[in-house]
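One letter stands for each residue in the lines below.
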Amino acid sequence: MAELVAHTVVPGTLAGTPQPTFALGDGVELRPWTDRDAPGLRAAYADPAIQRWHVREIGSLDEARELIAAWRRGWGQEQRLEWAIADGAGALLGRLALKELVLFDGIAVVAYWTVPAARGRGLAPRAVTAVSHWAFAVGFRRLELEHSTLNPASCRVAEKAGFDAEGTRLGAALHADGHHDMHTHARLADAGRPPLHPARDTPTKACSV
Ligand SMILES: CC(C)(COP(=O)(O)OP(=O)(O)OC[C@H]1O[C@@H](n2cnc3c(N)ncnc32)[C@H](O)[C@@H]1OP(=O)(O)O)[C@@H](O)C(=O)NCCC(=O)NCCS
């Protein structure tokens, strides 16, 4: 059956090019994961805050390497795009991901964490901003971001990276202590455009968690 409209992001656009690296300032860069990140990745997932919000732990270096291998495959499969945030010496400071890619609609979901020692330096918002600009340049139209209403630090990342608040999905994600209400944000490539359906469009709400 033929599709009546073309894909927003042409399949093969990503897989046909090397995964880019971005400078975030202060000697910090966003770059593809390597096996050398395995010890830092395992240590990051021992942090209670990362365990709480990402609902995962890494039991061994082999598990960390397997996760890195899966994240690296995501680029060629055009399913999930994963970057490490690292300092000039290569030490792991965080993670930035675009997951749940839908090339037809040009949509992806942003995910991130920073290690405890690197928090409060604006690294997560800088990483989200850099990847958002790149994603819009390669054709993505809408980036989504979601966090628990009990995670105000993540809400600040969304606000600082220019993601408008869209609303709350009640009981939408399972955490260790049960299902959480999830606050949703989005940033559009053509933010500021005239609305397609003015009568139906409602203004986005300010972040209130
Ligand atoms: C949320 C998180 C990604 C923010 O990353 P970051 O690189 O510290 O981002 P910022 O420096 O911009 O800080 C964002 C907010 O975190 C809070 N914060 C600042 N310093 C902090 C610290 N040392 N420890 C914890 N939170 C801190 C502040 O509320 C800050 O907002 P502000 O700039 O208005 O004061 C990071 O705290 C984290 O990884 N937390 C655990 C995992 C997580 O929550 N992931 C997101 C799931 S949706």
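For the structure itself, look to the data block above.
Here's a quick rundown of the structure. (Residues numbered from 1 in each chain as written. Predicted model: local features only at pLDDT ≥ 70, side-chain atom pairs only at ≥ 80, totals over all residues. Heavy atoms only, no water.)

Now for the site of the ligand. Residues in contact with the ligand amount to 21 residues; listed here are only the nearest, Thr-114, Gly-120, Gly-122, Arg-156 and Lys-160. Secondary structure elements with two or more residues in the shell around the ligand: helix H2 (48-54), strand S5 (107-114), helix H4 (123-138), strand S6 (142-148) and helix H5 (152-160). It is H5 that contributes the most residues to the shell around the ligand, five residues altogether. Of the residues contributing to the shell around the ligand, the split by class is nine nonpolar, seven polar and five charged. (Near = heavy atom within 4 Å. Helix = DSSP H or I, 4+ residues; strand = E, 2+ residues; numbered from the N terminus. Nonpolar A, V, L, I, M, F, W, Y, C, P; charged D, E, K, R; others polar.)

In this model, helix H3 (residues 61-77) (17 residues) spans 24 Å end to end at C-alpha, consistent with the 24 Å of a helix rising 1.5 Å per residue. Residues of H3 that are buried include every one of Ala-64, Leu-67, Ile-68, Trp-71, Gly-74 and Trp-75, and no others. Looking straight down H3, one finds its buried side chains confined to an arc of 105°; they lie on one side. (Expected span 1.5 Å × (residues − 1). Buried < 20%, exposed > 50% of the residue type's maximum accessible area, 1.4 Å probe, protein only. Arc of directions from axis to C-beta.)

Tallying each qualifying case throughout the model produces eight aromatic pairs. Judged by centre distance (6.4 Å) and plane angle (65°), the rings of Phe-22 and Trp-134 are edge-to-face. Taken together, the residues Phe-22 in strand S1 (residues 22-25) and Trp-134 in helix H4 connect sequence positions 112 residues apart. Consider the rings of Trp-33 and Trp-113, whose centres lie 6.5 Å apart with planes at 55°: the pair is tilted. Separated by 80 residues along the polypeptide, Trp-33 in the loop between strand S2 (28-31) and helix H1 (38-44) and Trp-113 in strand S5 bring together distant segments of the chain. (Phe/Tyr/Trp six-rings, centres within 6.5 Å; stacked < 30°, edge-to-face > 60°.)

The eight strands lie next to each other as S1-S2-S3-S4-S5-S6-S8-S7, forming an open sheet whose pairing is mixed. What marks the edges here is a single partner per strand, and that holds for S1 and strand S7 (164-175). Neighbour-to-neighbour, the strand axes of the sheet open up by a mean angle of 25°, direction not taken into account. Relative to S6, S5 runs parallel, the two sharing four bridges. When the sheet's bridge partners are listed, Ile-107 is paired in S6 with Arg-142. Here H4 sits on the sheet and contacts S1, S2, strand S3 (81-86), strand S4 (92-102), S5, S6 and strand S8 (178-188); the angle it forms with S1, its principal contact strand, is near 145°. (Pairing = 2+ DSSP bridges. Axes fitted to C-alpha atoms, helices over the stretch in contact; angles between N-to-C directions. Contact = heavy atoms within 4.5 Å.)

For the coordinates displayed, the defined rule picks out 12 salt bridges. For Asp-26, the salt bridge goes to Arg-126, with nearest N and O atoms at 3.2 Å. On the criterion of sequence distance, the pair formed by Asp-26 in the loop between S1 and S2 and Arg-126 in helix H4 is long-range, its members being 100 residues apart. Under the relative-accessibility criterion, Arg-126 is labelled partly exposed at 26%. We note a salt bridge from Glu-144 to Arg-142, for which the minimum N-O separation is 2.8 Å. A relative accessible area of 24% means that Glu-144 is categorised as partly exposed. Because the salt bridges share partners, they merge into one network encompassing Arg-80, Glu-82 and Arg-95. (Salt bridge = Lys/Arg side-chain N within 4 Å of Asp/Glu carboxyl O.)

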